[in-house]
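Chain residues, written in single-letter form:
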Amino acid sequence: NGNMLSYSLTTDGNGGAIFGGSFFSQNSGMMAVQLVDGTGHVAWNANGVQIASVLSHVLSPALVSDGSGGAIATWIDCVMQGVKCSVSVQRVDHSGHLLWSANNISITRTPNLKYGPIAMSDGAGGAFLAWEDCPNVGDYNTCLLGIDLYAQRINPAGQAMWQVDGFPVSTASD
């Protein structure tokens, strides 16, 4: 329940699709996923599987197949919309069970404006993630003049494979 902010979907690899959406209701954000099987039936509970629920904004979900009938979900989690954001990630299996930490995994905790993320399968049950980050910038317009691009690889167990807080793919000159 609540206002849907954004959504994403990916294949389950079996003719169905896993949908993910972020919602905002009563000063809290939530992200949920739902499997619709190859015959068009909802496979998990009627409201989906809740992945995140926090007193913040859950923005820009991205889903990618885990190659085993489930999905890896990533999103921006902001204490206040646009500031003090982290990139979070969670894996859900084909039965709708969360496979990683109950509190999700934070890929980066730098207190910056962040945008994105995007996700792509790594072909081995994990995912590549990328997002835009504005280090040392507190305002949206200034951020647009100096966005940095970061990336991280997550293995099937939810462990970051590259450096802490992501790898700086491209950094803007300050």
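We now turn to the structure provided with this report. Source: prediction; values computed, not measured.

Rules of the game
Residues numbered from 1 in each chain as written. Predicted model: local features only at pLDDT ≥ 70, side-chain atom pairs only at ≥ 80, totals over all residues. Heavy atoms only, no water. Salt bridge = Lys/Arg side-chain N within 4 Å of Asp/Glu carboxyl O. Helix = DSSP H or I, 4+ residues; strand = E, 2+ residues; numbered from the N terminus. Buried < 20%, exposed > 50% of the residue type's maximum accessible area, 1.4 Å probe, protein only. Polar contact = N/O pair within 3.5 Å; in protein donor to acceptor, adjacent residues only side chain to side chain. Contact = heavy atoms within 4.5 Å. Phe/Tyr/Trp six-rings, centres within 6.5 Å; stacked < 30°, edge-to-face > 60°. Core = buried A, V, L, I, M, F, W, Y, C linked by side-chain atoms within 4.5 Å. Pairing = 2+ DSSP bridges.

Glancing now at the pattern of salt bridges. Note that side chains of opposite charge can pair when their charged atoms are close. For the structure shown, the criterion picks out three salt bridges. Among the ionic pairs, Arg91 bridges to Asp66, the shortest N-O distance being 3.0 Å. Of this pair, Arg91 sits in strand β7 (residues 83-92) while Asp66 is found in the loop between β5 (57-65) and β6 (71-80), placing the two residues 25 residues apart along the sequence. Just as Arg91 is buried, Asp66 falls in that class too. One salt bridge in this structure joins Asp133 and Lys114, with 3.6 Å as the shortest N-O distance. One end of the pair, Asp133, is in strand β9 (residues 127-134); the other, Lys114, is in strand β8 (residues 105-121), with 19 residues separating them in the sequence.

Of note, Thr10 is situated in strand β1 (residues 3-11). At 3.1 Å, the side chain of Thr10 and the backbone nitrogen of Ser65 are in polar contact. Setting aside residues up to four positions removed in sequence, Thr10 forms contacts with Gly16, Ala17, Ile18, Leu63, Val64, Ser65 and Ala71.

Take the environment of Phe24 next. Positionally, Phe24 belongs in strand β2 (residues 17-25). The class of Phe24 is partly exposed, set by a relative accessible area of 24%. Here the alpha-carbon distance between Phe24 and Leu59, two residues 35 residues apart in the chain, equals 9.4 Å.

Aromatic rings considered in pairs are described by the distance between their centres and by the relative angle of their planes. A full pass over the atoms with the stated rule returns two aromatic pairs. The interplanar angle of 15° and the centroid separation of 6.2 Å between the aromatic rings of Trp131 and Tyr150 together place this pair among those described as stacked. Remark: Tyr150 occurs in strand β10 (residues 148-154) and Trp131 occurs in strand β9; sequence separation between them is 19 residues.

Next up on the list: the environment of Gln90. For Gln90, the position within the fold is in strand β7. Considered as a pair, Gln90 and Ala52 are 38 residues apart in the sequence and their alpha carbons are 8.9 Å apart. There is a polar contact of 3.0 Å between the side chain of Gln90 and the backbone nitrogen of Trp100. A distance of 2.8 Å separates the side chain of Gln90 from the backbone oxygen of Ser101, its partner in a polar contact.

All right, on to the nonpolar core then. Core analysis: the largest hydrophobic core is formed by 16 residues, its most contacted members being Ile72, Ile76, Val89, Trp100, Ile107, Leu129 and Trp131. The set of elements that each furnish at least two residues to this core consists of β5, β6, β7, β8, β9 and β10.

Of all the eight residues making up β9, six are buried; the element is thus mostly covered by neighbouring parts of the structure. Strand direction decides the pairing type here: β8 and β9, joined by seven bridges, are antiparallel. Residue pairing across strands places Lys114 opposite Asp133, the latter belonging to β9. Hairpin connection of β8 to β9: five residues between the antiparallel strands, including Gly123 at a positive phi of 80°. Summarising the sheet, β9 and β10 pair through seven bridges and their orientation is antiparallel. In the sheet register, Phe128 faces β10, and the bridge partner there is Arg153.

Considering the arrangement of structural elements, one finds Ser88 in strand β7. For Ser88, a relative accessible area of 6% corresponds to the buried category. Every residue in contact with Ser88, bar those within four places of it in the chain, is listed here: Ala73, Thr74, Trp75, Asp77, Ile105 and Ser106.

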